Amino acid sequence: MTGKTWAYEDFTEGASIDLGAKQVSAAEIVEFATEFDPQPMHLDEEAGKASILGGLAASGWHTCAIFMRMLCDAFLLDSTAQGAPGIDQVRWKKPVLAGDTLSGRTGVVARRLSKSRPQLGLVTFRSEMVNQRGESVFELENTVMFLTREAGA
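Only a predicted model underlies this, so the values are computations on that prediction, with no experimental measurement involved.

### Thoughts on the overall build of the protein
A count of helices and strands for the protein gives five helices and five strands. Along the chain direction, N to C, the helices and strands of the protein fall in the order β-α-α-α-α-β-β-β-β-α. Each of the three principal axes of the protein carries a C-alpha extent, and together these read 55 × 30 × 25 Å. Out of the 153 residues belonging to the protein, those deemed buried represent 39%. Sequence separation of 24 or more characterises 71% of the internal contacts of the protein that already satisfy a separation of 6 or more.

### What about the pairing of strand β3 (residues 101-113)?
Direction of pairing for strand β1 (residues 16-23) relative to β3: antiparallel, over a ladder of seven bridges. Residue pairing for β3: Q23 is matched across the bridge by T101. As judged from the 10 bridges shared by β3 and strand β4 (residues 120-130), these two strands associate in the antiparallel manner. Considered in β4, the bridge of S103 is made with V130. Counting the residues between successive antiparallel strands, the hairpin from β3 to β4 contains six residues.

### Re the packing of aromatic side chains
Throughout the structure, instances matching the rule amount to 10 aromatic pairs. Ring pairs connect the aromatic residues W6, F11, F75, F125 and F146, which therefore count as one cluster. Above the ring of Y8, the side-chain terminus of R111 is found at 4.2 Å from the ring centroid.

### Re the environment of M145
Topologically, M145 is positioned in strand β5 (residues 136-147). Not counting chain neighbours up to four residues away, the residues in contact with M145 comprise T80, A81, Q82, G83, A84, P85, L120, G121 and L122.

### Some words on the sheet that holds β4
One open sheet holds the five strands; their spatial order is β1-β3-β4-β5-β2, and the pairing between them is antiparallel. Looking along the sheet, the strands with just one partner apiece sit at the ends: β1 and β2 (81-92). On average, adjacent strands in this sheet sit at an angle of 20 degrees to one another, irrespective of strand direction. Where helix α4 (residues 60-74) meets the sheet, its contacts fall on β1, β2, β3, β4 and β5, and the angle it forms with β1 comes to roughly 125 degrees.

Calculation rules
Residues numbered from 1 in each chain as written. Predicted model: local features only at pLDDT ≥ 70, side-chain atom pairs only at ≥ 80, totals over all residues. Heavy atoms only, no water. Helix = DSSP H or I, 4+ residues; strand = E, 2+ residues; numbered from the N terminus. Buried < 20%, exposed > 50% of the residue type's maximum accessible area, 1.4 Å probe, protein only. Contact = heavy atoms within 4.5 Å. Pairing = 2+ DSSP bridges. Phe/Tyr/Trp six-rings, centres within 6.5 Å; stacked < 30°, edge-to-face > 60°. Lys NZ or Arg CZ within 6 Å of the ring centre and 35° of its normal. Axes fitted to C-alpha atoms, helices over the stretch in contact; angles between N-to-C directions.

Here you go:
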């Protein structure tokens, strides 16, 4: 873990972290859906238009995967992260359609050191992605475990 930029101490309550932006193409929607969620509205533009989604739409699980990539690129791969005990909440608020550009942000809502492992801190994040119109399409709340700076050295 030596040399990782982000450790438990770097996450303060109220802090906000920009996760960047990602355009979602029709090809990647179909590719993901073909392998993992082959429902018609994720595979075909006409089926998507005929559904309540209004067009070729990314699977909610694809939206989660896009978020995870953004989180990894923004800071997680350069951190002392030790994984997560689970997801407290995930909401798919609006369809993610082919051509949408998603922007993400996460905020620290709580943090604490583990009672049984004081070299491990737990950081609770509340995250959101919005589309190019500023409409919220995804919300997630979860806790991630990070080593303290001393333990990660």
